[in-house]
Amino acid sequence: MARKKVLFVCLGNICRSPLAEAIFKTRISEKKLIHLVDADSCGTANYHVGDLPDKRTIANARKNGIVISHRGRQISQQDLVYYDFIVAMDQSNYQNILRLESSEIYAHKVALMRSFDSVRDRDDVPDPYYGDEQNFQEVFEILDRSINSFIRFLESEHLKV
Ligand code: 4NP
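Residues numbered from 1 in each chain as written. Predicted model: local features only at pLDDT ≥ 70, side-chain atom pairs only at ≥ 80, totals over all residues. Heavy atoms only, no water.

Could you give an account of the overall build of the protein, with specific residues and numbers?
Regarding its fold elements, the protein presents six helices and four strands. Listing every helix and strand of the protein by position from the N terminus yields β-α-β-α-α-β-α-α-β-α. Relative to the 2.2 N^0.38 estimate, which gives 15 Å for 161 residues, the radius of gyration of the protein is 15 Å and therefore close to what a compact globule would have. Oriented by its inertia axes, the alpha-carbon framework of the protein measures out at about 40 × 35 × 30 Å. The 161 residues of the protein split such that 51% are buried. In the protein, the proportion of contacts linking residues at least 24 apart, taken out of those at least 6 apart, comes to 76%. (Helix = DSSP H or I, 4+ residues; strand = E, 2+ residues; numbered from the N terminus. Rg over C-alpha atoms; globule rule 2.2 N^0.38 Å. Buried < 20%, exposed > 50% of the residue type's maximum accessible area, 1.4 Å probe, protein only. Contact = heavy atoms within 4.5 Å.)

Give a description of the pairing of strand E3 (residues 85–88) that names residues and reports values.
On a regular strand, one side chain projects to one face of the sheet and the next to the other, so that they alternate. Burial of E3 is two-sided: the residues Phe85 and Val87 facing one way and the residues Ile86 and Ala88 facing the other way are all buried. Bridge count for E3 against strand E4 (residues 110–112) is three bridges, and the pairing is parallel. Bridge pairing links Ile86 to Val110 in E4. (Pairing = 2+ DSSP bridges.)

Any details on unusual backbone geometry? Residues and values, ideally.
A positive phi angle, close to 60°, is found at Asn13, a residue other than glycine. Asn13 sits in the buried class, given a relative accessible area of 0%. Non-glycine residue Ser102 carries a positive phi angle of around 60°. When you line up the elements, Ser102 lands in the loop between helix H4 (91–97) and helix H5 (103–106).

Please give an account of the sheet that holds strand E2 (residues 37–43) that cites residues and values.
Taken in spatial order, the four strands of this open sheet run E2-E1-E3-E4, and their pairing is parallel. On the outer flanks of this sheet lie E2 and E4, each paired with one strand and no other. The mean inter-strand angle of the sheet, taken between neighbouring strand axes irrespective of direction, is 25°. Bridge count for strand E1 (residues 4–10) against E2 is seven bridges, and the pairing is parallel. Residue Val9 lies in a different strand from E2, and its bridge partner there is Cys42. Docked against the sheet, helix H1 (residues 16–30) engages E1 and E2, running at close to 170° with respect to E2. This element, helix H6 (residues 133–157), spans E1 and E3 of the sheet and lies at about 160° to E3. (Axes fitted to C-alpha atoms, helices over the stretch in contact; angles between N-to-C directions.)

Fair warning: the whole summary comes from geometry, so function is off the table for now.
Now the structure itself:
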């Protein structure tokens, strides 16, 4: 079976989506599913192309036992074609993904991260960029919860061997 390809998308690709990618890869590895799934992340904006994740994201991830390794990149139309699942952090990212050329053909691949959240009080993963450590920790907890149920969804629907 071909590996499923997952892309996490936020605005800058230095806070939320590289953390989502790193949590996802860690949990997938813990579940010994690494041979079945590939993951990457990107931003809808180009402000941080080539940059490491935000220092606060790296520090918060480390505190929670997650190692991040990523360089910022901007989403392109090719990502719509290549990836099987494109997971947007908020509704603005979601709308921007659907503004890419020919997105109507690929719209079924695009989902909101929090559509997988079991305790969803709102639809967006809040942007922590102008926030403090408490905001970064809230993002971590939302992502960890949402990604666990996203992986359970993948296992039940898409990773059958
Ligand atoms: P992210 O957060 O979308 O979670 O990576 C942001 C990072 C940078 C900016 C905005 C949001 N920025 O405006 O530079």
